[in-house]
Amino acid sequence: MSGSIFLTLFFGLFLAVGFGILGFGLHSLNMSNKAQNWPTTPGTILSSDFITSTDSEGDTTYRTDVRYTYNANGREIEGKKIAFGYSGSSSRKFHSDIHSALPSGAQVAVRYDPSKPERAVLSFGVNQSIKFLLIFGAVWTMFTAGMIAIFWMSGQGATTLLDNMIVYSR
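Here we take up the packing of aromatic side chains. Within the structure shown, the criterion is met by twelve aromatic pairs. Both rings, one in Y70 and one in Y112, keep their centres 6.4 Å apart while their planes meet at 25°; by these two values the pair is stacked. Separated by 42 residues along the polypeptide, Y70 in strand β2 (residues 60-72) and Y112 in strand β4 (residues 107-113) bring together distant segments of the chain. We note that Y70, like Y112, is buried. Considering the side-chain rings of F136 and W140, the 5.6 Å spacing of their centres and the 50° angle between planes classify their relative orientation as tilted. In this pair, F136 and W140 both sit in helix α3 (residues 128-154), four residues apart, roughly one turn of the helix.

Turning our attention to the side chain of S129. The topology assignment puts S129 in helix α3. Note on S129: relative accessible area 7%, which makes it buried.

Let's shift gears to the nonpolar core. The nonpolar side chains of a soluble globular protein tend to be buried with one another. Counting 17 residues, the largest nonpolar core has I45, Y68, Y70, I82, L102, V110 and L122 as its most contacted members. Of all elements in the fold, only β2 and β4 reach the threshold of two or more residues within this core. Tallying contributions element by element places β2 first for this core, with four residues. Core analysis: the next-biggest nonpolar cluster, separate from the first, contains five residues, A35, W38, F84 and V121 among them.

With that out of the way, let us pick up the environment of Y68. Mapping Y68 onto the fold places it in strand β2. Not counting the four nearest positions on each side in its chain, Y68 is found in contact with T44, I45, L46, I77, E78, G79, K80, K81, V110, A120, V121 and L122. A polar atom in the side chain of Y68 sits 3.2 Å from the backbone oxygen of A120.

Together, I150, F151, W152 and M153 make up a nonpolar patch on the protein surface, roughly 460 Å² of accessible area in all. Looking at the element boundaries, W152 is found in helix α3. Note on W152: relative accessible area 56%, which makes it exposed.

With that settled, the discussion passes to the pattern of salt bridges. Per the counting criterion, the structure on display carries five salt bridges. Note that D97 and K93 form a salt bridge whose closest N and O atoms lie 2.9 Å from each other. Taken together, the residues D97 and K93, both in helix α2 (residues 92-101) and four residues apart, mark about one turn of the helix. Overall, the relative accessible area of 41% leaves D97 in the partly exposed class. For the salt bridge of D113 with R119, the shortest nitrogen-to-oxygen distance reads 2.9 Å. Given a relative accessible area of 29%, R119 falls into the partly exposed group.

Rules and cut-offs
- Counting of residues starts from 1 at the beginning of each chain's written sequence and follows it residue by residue.
- Since the coordinates come from a predicted model, pLDDT governs what is reported: local features require at least 70, and pairs of side-chain atoms require 80 or more to be given and counted, while whole-chain, interface and lining totals use all residues.
- Based on all heavy atoms of the structure, the side-chain values leave hydrogens and waters out of the count.
- Here the aromatic set is Phe, Tyr and Trp, taking the six-membered ring for Trp, and pairing holds for ring centres within 6.5 Å; pairs whose planes are under 30 degrees apart are stacked, those over 60 apart are edge-to-face, and all others are tilted.
- Per the convention used, a helix needs a DSSP run of H or I reaching at least four residues, while a strand needs a run of E reaching at least two, with both numbered from the N terminus.
- Any residue under 20% of the maximum accessible area for its type is buried, any over 50% is exposed, and the rest in between are partly exposed; the area is computed with a 1.4 Å probe on protein chains only.
- Put simply, buried Ala, Val, Leu, Ile, Met, Phe, Trp, Tyr and Cys residues joined by side-chain atoms within 4.5 Å make one nonpolar core.
- Here a residue-residue contact requires only that any non-hydrogen atoms of the pair lie within 4.5 Å.
- Pairs of N or O atoms within 3.5 Å make up the polar contacts considered here, provided that, within protein, one atom can donate a hydrogen while the other can accept it, and that residues adjacent in sequence are counted only when both atoms are side-chain atoms.
- Patch definition: residues above 30% relative accessible area lacking any salt bridge, with like charges linked at up to 9 Å and the nonpolar side chains Val, Leu, Ile, Met, Phe, Trp and Tyr linked at up to 5 Å.
- All accessibility values rest on the Shrake-Rupley procedure with a 1.4 Å probe; residue burial counts only the protein chains present in the view.
- What counts as a salt bridge is simple: a side-chain nitrogen of Lys or Arg found within 4 Å of a carboxyl oxygen of Asp or Glu.

Structural data, given as structure tokens:
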């Protein structure tokens, strides 16, 4: 595989990841803003679990998983989503606070999409997880674009510099 094809695939993959993260963040932001205007209905937390995960490098992440029931359009539905974009992170206190606020048996307001009542959340708006997705996705994409520009410029050679130079004698 030639060097330029490898670099194209390498940077293409990194750009795809950056755009994917940004896209997920923008989708989460859009859905979270829409949820603000969705109807609410009473719900009950069926289970609330504080999840701790440690990867092979010893890094620990936390998240809260909930299951809740609510009634929408005369149907009892079970939901799991706390908020659009919500995911685990290394901030124990952040997720512990969420877990403490949502114990099993708690009565909550559930916001559901009237066009698709199975789509529901407990919170709306720009939360920490959405901010992280947008900032991380933007930084990742800009860094990759910068690296592409540096590699592109390094391959340009001295042509412009030499074209704009007057040499009287050698």
